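Remarks on the overall topology
Listed below, chain by chain, are the residues.
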Amino acid sequence: MSLKHGVFTVSLDFEMYWGVRDKRSIAQYRDNLLGVSRAIPAMLRLFGANGIHATWATVGFIFFKDADELRQHLPASLPTYGSANLSPYDYMADAPGLEADYHFAPALIEQIAATEGQEIATHTFSHYYCLEDGQTLAQFKDDIGAAIGVAARKGFSVKSLVFPRNQWNGQYLSALAELGVRCYRGNESNWMYKASNGDGQSRLQRAARLVDTYFNLSGHNTHALADCTREAPYNFAASRFLRPYSEKLGVLEGLRLRRIKNAMRDAAVNKRIFHLWWHPHNFGVNLQSNMAFLERVIAYQAVLRREHGMLSLNMGELCQLAGGADGQ
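All values reported here derive from a predicted model rather than from experimental measurement. Numbering of residues starts from 1 in every chain and runs along the sequence as written. pLDDT decides what is reported in this predicted model: residues at 70 or higher carry local features, side-chain atom pairs at 80 or more are listed and counted, and totals for whole chains, interfaces and linings draw on all residues regardless. As a rule here, side-chain values cover all heavy atoms of the structure and leave hydrogens and water aside.

1. Let's talk about the nonpolar core
Within soluble globular proteins, side chains that are nonpolar tend to cluster in buried spots. As used in this record, nonpolar core signifies buried Ala, Val, Leu, Ile, Met, Phe, Trp, Tyr and Cys residues forming a set joined through side-chain atoms within 4.5 Å. The classification of residues rests on relative accessible area computed with a 1.4 Å probe and restricted to protein chains. Under 20% of the type maximum is buried, over 50% is exposed, and intermediate values are partly exposed. The biggest cluster of nonpolar side chains holds 82 residues, and the ones touching the most others in it are Phe8, Phe14, Met43, Phe47, Trp278 and Leu294. It is helix H1 (residues 26–50) that provides the largest number of residues to this core, a total of eleven residues. Beyond its immediate sequence surroundings of up to four residues, phenylalanine 8 is in contact with Ile52, Met264, Phe274, Leu276, Val297, Ile298, Gln301, Met310, Leu311, Ser312 and Leu313. Helix and strand definitions follow DSSP, with helices as H or I runs of at least four residues and strands as E runs of at least two, each counted in order from the N terminus. What makes two residues a contact is simply this: any of their non-hydrogen atoms within 4.5 Å.

2. Concerning the pairing of strand S1 (residues 7–14)
Among the eight residues in S1, eight count as buried, and that is most of the element. Residues Val7, Thr9, Ser11 and Asp13 point to one face of S1 and Phe8, Val10, Leu12 and Phe14 to the other, with burial holding for every one of them. In short, DSSP must find at least two bridges between two strands for them to pair. Pairing analysis gives six bridges linking S1 to strand S8 (residues 273–278), with the strands arranged parallel. Paired with phenylalanine 8 across the strands is phenylalanine 274, a residue of S8. The pairing of S1 with strand S9 (residues 311–312) spans two bridges and is classified as parallel. Looking at the pairing, phenylalanine 8 lines up with serine 312 of S9. Orient the strands so they point away from the viewer, and a crossover whose first-strand-to-second-strand path over the helix runs clockwise is right-handed. As for the winding sense of the linkage, the β-α-β connection from S1 through H1 to strand S2 (residues 54–58) is right-handed.

3. Side note on helix H8 (residues 203–212)
Residues of H8 that are buried include every one of Gln205, Ala208, Arg209 and Asp212, and no others. The buried residues of H8 occupy an angular sector of 100 degrees when projected down its axis, which confines them to one face. The directions from the helix axis to the C-beta atoms are what the arc is built from.

4. Here we look at helix H11 (residues 287–308)
The length a helix should cover is 1.5 Å for every residue beyond the first. In this model, H11 (22 residues) spans 31 Å end to end at C-alpha, consistent with the 32 Å of a helix rising 1.5 Å per residue. Those residues of H11 that sit buried are Leu287, Asn290, Met291, Phe293, Leu294, Val297, Ile298, Tyr300, Gln301, Ala302 and Leu304. Of the surrounding secondary structure, the elements contacted by the buried residues of H11 are S1, H1, helix H10 (253–270), S8 and S9. Downstream of H11 by one or two residues, glycine 309 has phi in the positive range, about 75 degrees.

5. A word on the layout of surface pockets
Estimated volume of the largest pocket: approximately 1200 Å³. If you go around the largest pocket, you meet 40 residues; those closest to its centre are Arg165, Arg209, Phe241, Trp277 and His279. Among the elements of the structure, H1, H8 and strand S7 (240–241) are those that each provide at least two residues to the lining of the largest pocket. Of the residues in the lining of the largest pocket, the class split is eleven nonpolar, 18 polar and eleven charged. We place a 1 Å grid over just the protein atoms. Points where a 1.4 Å probe fits but has no way out form a cavity, open points with protein on both sides within 12 Å along at least 5 of 7 lines form a pocket, and any residue with an atom within 4 Å of a point lines it. Grid points are joined across faces, edges and corners, and a volume is the space filled by probe spheres set on the points. Quantified by volume, the second largest pocket comes out at close to 180 Å³. Lining the second largest pocket we find Asp22, Lys23, Gly82, Ser83, Asn85, Leu86, Glu132, Asp133, Arg165, Gly198, Asp199 and Arg206. Nonpolar residues are Ala, Val, Leu, Ile, Met, Phe, Trp, Tyr, Cys and Pro. Charged residues are Asp, Glu, Lys and Arg, and all others, Gly as well, are polar. Among the residues forming the lining of the second largest pocket, the class breakdown is one nonpolar, four polar and seven charged.

Next comes the structure, spelled out in structure tokens:
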């Protein structure tokens, strides 16, 4: 199975405070979280105006309007992490009044779903960590079942998944297939992007990933459709994280853009998939600078569409393409 045109794929990890809760306090990350309500509409306007289709991998918790509603729909079993700090359920017990601005976003989910080409996918129910000590496959299945359930109650059929912290676990893939999840976003193949638990991420890996943002250390990380679809669920692996704007590194913005554009062109010319991802909260601060950079990326996709027929497809559409065609 091969593509007739390259594909530009976008996925976003939509998680609110649940995605950073064990790393930062609300006070430390307040501006990013409050900025999500401005960042998402701005992204949707840009996507809509340019025909960009994206997958929004959404933590199940944020579908609810408040903590009381969330507590009525918890999974049958909860993760038994070795470190209690990793469990959002322990956090919920200690913070019974969860402020909606930081923890819930049903109106934003509706706005995303109402925009053409946007897919509501799952980032697990509880921002579940699949490689951390203590948790089990059975607990993971209950978590994903809860995520699929809350999405279904809102009218969404979940077909795509992104593993929180990119902790994709090969032993858990069969559970996804059982539950009807057809694809996931795996990691780049280079050593610096190897999936691991929090303790397994070395300073060297982090430093290498930072340098790789600006200079080509790991390759273009574009993917042939046939390689992504060798077995179910399909692995539409990441190509590049859209690192947010940094004033300290602003002088390198041209290099950051060139790194992305070179990989996009590789995908367009060689009929491969380029998969760009980030978090909405990455744009919560420095929104103008982040949007300006994203506009330049999207403008280049338009160039590649004119010159090489490059498509914009979300992960669910890639599944449909893989399941029923020889390429487009």
